[in-house]
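Read off the chains here:
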Amino acid sequence: MTVLSADGLFLRRGGANLLAGISLSLGPNGSVAVVGPNGAGKSMLLKVLAGLLPPTTGQVRIGDQDLLRLSGADRARQIGYLPQYFEPHWDLTIADLVRLGAERAGSVTKTALEEIMARFELATLQGRRWSTLSGGERARVLLAMVLAVDPPALLADEPAASLDIRHRIDVVRSLVRRGTDRLCVVVMHDLDLAFRFFERIVVMDRGYIVAAGHAQDIFDDVCLDAAFGVKFERLKAGRYSLLRPACL
Amino acid sequence: MKVWLALALILVGALALAVCAGHEWATPFDLVRAVAGDADIRSRLLVEWRMPRVLAAAFVGLLLGLGGAVFQGVFRNPLAEPYLLGSAGGAALGATIALLVPVGVPQSLLLPLLAFAGAWGATVFVIAVSRVAGAVDAAGMLLAGVAVAAMLGALRSFLMLALSDDTISLQVVLSWVLGGVQTPTWAVLGLLAIISGACFGLTMRLAGGLDVLGLGESMATGFGLEVKRFVAWAVLAGSVVVAAAVAFGGLVAFVGLAAPHIARWFVGPMHRPLLPASALVGACIVTIADAIARAALPPAEIPLGLITAVAGGPFFILLLAHRLRT
């Protein structure tokens, strides 16, 4: 069964096709990494799939419903969107931030909020303000805000890009774990983490999907080299696979 | 709870002080006697003249505090001012027409009506301009507001030069533009109270959306907020609130800027507590400022807007310096 599907998506801006006829079908569970060079259209695809940007032509469906016909509140209950960059304009407490995330599914009792805080191991942070948190703590809070309503689909745009390697792995692991019973689509720049952790890989280049499939299959596909404009050496050691640019 | 009690007590204290203050100061004992129904002329003046004016000032401050909190929330900028979007310019233009063009309608009715219409019309115009320019977001509306405010200011100056003559003094227009609360009848005060209550209810409905909007447009959209529609509605609602304040109090600067800031020190940045707290702080500021306007240089009265500008200007500079440092 499909949770999220796109059919013939075009997104044009200033005469350029940022998305050039994307069609895909995802879900109901699984972890999917979207990779590609800068300007490939990964973030735009995620925004269109999340309903943040309407496509110029084409359609996104969540279940059997047209995404653009859903109310904002209904869409927010079904799709969680984790932006690439998040900085609240007001220095809110962690409890307030998580409450705002949870309230998109309706009002939240104090007990329910405490349960969410406990589930994301944020109980000790709830009185702290956003500006006082470390990068790793911020990533956890952001995840809690977006996942507080447990949406069937989570779309994350490089959520761990600014974190150190340990916190990056923590975030990627928690996203992939979510893919066991939900759909989790993540834009990734770190190819090693993408191929190491995610079940499926979507490769984008200049607004097109140039390859999509299981991680092991895509790993050996030369379209990866063409998309990034780099000749990769494929290094395999047991269950670990590494892509290394041949020029190094 | 303690915070709300403190704010309420400060407001009650400010109201009592303001009723006592004036050309001739009254004692708290005089005040109690007047409220108890004493028939002495001084007591009657306190009840019939000073109390309605003090309450009107408090309501004007309440509206400015609410409007300021809404505009700072919509533009996600603590330096945003309710008058940025041309609503004050529109109100001033409406009031100038009411004061300078004889149309056979009592000025006490015409002035608030035209000020209100001007403020609302200017805001709708700003939204239309930003829509035509394809920038119906906070930044687009802010820029359109600055442009519209400049045009309205020029138009008002032209009307003042073209329509004033020996019988219609420019001083009347200027004194209104400089801000000031007139003593209302109890009926007008009742109307102001109803308008203030309606504005409070209207802005409280925006509180949840303003909180979500504060997370940034991407996040807010992801959380289900129809950002463009919400921003347009919130700007319109904020302008209605400011228009009501301008219609009853003229152009009173900086209260809409300062009140939300001071309120944030008490209750934090979430809008459900911030809006009522900002309203209370705004009421306190204008009540005190109006008392100073009446009592500082008797028998003359200093325009209210001058007092708030003199106090608010340095406050704004301090805020700006603090913001640039941090």
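All figures in this text were calculated on a predicted structure; none of them were measured in a lab.

1. Observations concerning the sheet that holds strand S8 (residues 183-187) of chain A
Residues and elements named next belong to chain A.
Here comes step 1: Ordered by their spatial adjacency, six strands build an open sheet running S6-S7-S8-S3-S9-S10, and the pairing between neighbours is mixed. The open sheet has two free edges, formed respectively by strand S6 (79-82) and strand S10 (208-214), since each of these has just one partner strand. Across this sheet, the average inter-strand angle for adjacent strands is 15°, counted without regard to direction.
Here comes step 2: Two elements, strand S3 (residues 30-35) and strand S9 (residues 200-205), share four bridges in a ladder whose sense is parallel. Among the inter-strand pairings, Val34 is bridged to a residue of S9, identified as Val202.

2. Comments concerning the pairing of S6 of chain A
Residues and elements named next belong to chain A.
Here comes step 1: Along S6, one buried face is formed by Ile79 and Tyr81 and the opposite face, lined by Gly80 and Leu82, is buried too.
Here comes step 2: The pairing of S6 with strand S7 (residues 153-157) spans four bridges and is parallel. Paired with Leu82 across the two strands is Ala156, which belongs to S7.

3. A closer look at the interface of chain B and chain A
Here comes step 1: Residue-level contacts link 16 residues of chain B with 19 residues of chain A.
Here comes step 2: Listing elements by their share of the side of chain B that touches chain A, those giving two or more residues are helix H9 (207-213) and helix H10 (217-222) of chain B.
Here comes step 3: The element best represented in the side of chain B that touches chain A is H10 of chain B, accounting for four residues.
Here comes step 4: Here the residues of the side of chain B that touches chain A sort into seven nonpolar, six polar and three charged.

4. What to know about the sheet that holds strand S2 (residues 16-26) of chain A
Backbone hydrogen bonds are what pair the strands of a sheet, in a parallel or an antiparallel way.
All names here are of chain A.
Here comes step 1: Strand order in the open sheet made by the four strands is S2-S1-S4-S5, with antiparallel pairing throughout. Two strands close off the open sheet at either side, each with one partner strand: S2 and strand S5 (65-66).
Here comes step 2: Pairing between strand S1 (residues 4-13) and strand S4 (residues 57-62): five bridges, direction antiparallel. Bridging across to S4, Phe10 finds its partner in Thr57.

5. Section: unusual backbone geometry
Residue and element names in this part refer to chain A.
Here comes step 1: Of the consecutive residues Gly27 and Pro28, the connecting peptide bond is found in the cis state with omega at 10°.
Here comes step 2: One can find Pro28 in the loop between S2 and S3.
Here comes step 3: The phi torsion at Glu158 lies on the positive side, around 45°, for a residue other than glycine.
Here comes step 4: A count of 19 C-beta atoms within 10 Å places Glu158 in the partly exposed class.
Here comes step 5: Even without glycine at this site, Arg206 takes up a positive phi of about 50°.

6. What about helix H8 (residues 186-204) of chain B?
All names here are of chain B.
Here comes step 1: Between its terminal C-alpha atoms H8 stretches 27 Å, which fits the 27 Å expected from 19 residues at 1.5 Å a residue.
Here comes step 2: Among the residues making up H8, those that are buried are Leu192, Ile195, Ser196, Cys199 and Thr203. The buried residues of H8 all sit within an arc of 105° when viewed along its axis, so they share a single face. For H8, the exposed residues set more than 90 degrees away from the buried face come down to Trp186, Ala187, Gly190, Ile194, Gly197 and Gly201.
Here comes step 3: In this fold, the buried residues of H8 make contact with helix H3 (41-75), helix H11 (227-249) and helix H13 (271-295).

Definitions and limits used
- Residues numbered from 1 in each chain as written.
- Chains lettered and ligands numbered in written order.
- Predicted model: local features only at pLDDT ≥ 70, side-chain atom pairs only at ≥ 80, totals over all residues.
- Pairing = 2+ DSSP bridges.
- Helix = DSSP H or I, 4+ residues; strand = E, 2+ residues; numbered from the N terminus.
- Axes fitted to C-alpha atoms, helices over the stretch in contact; angles between N-to-C directions.
- Buried ≥ 20, exposed ≤ 12 C-beta atoms within 10 Å, placed from the backbone.
- Contact = placed C-beta atoms within 7 Å.
- Nonpolar A, V, L, I, M, F, W, Y, C, P; charged D, E, K, R; others polar.
- Expected span 1.5 Å × (residues − 1).
- Arc of directions from axis to C-beta.

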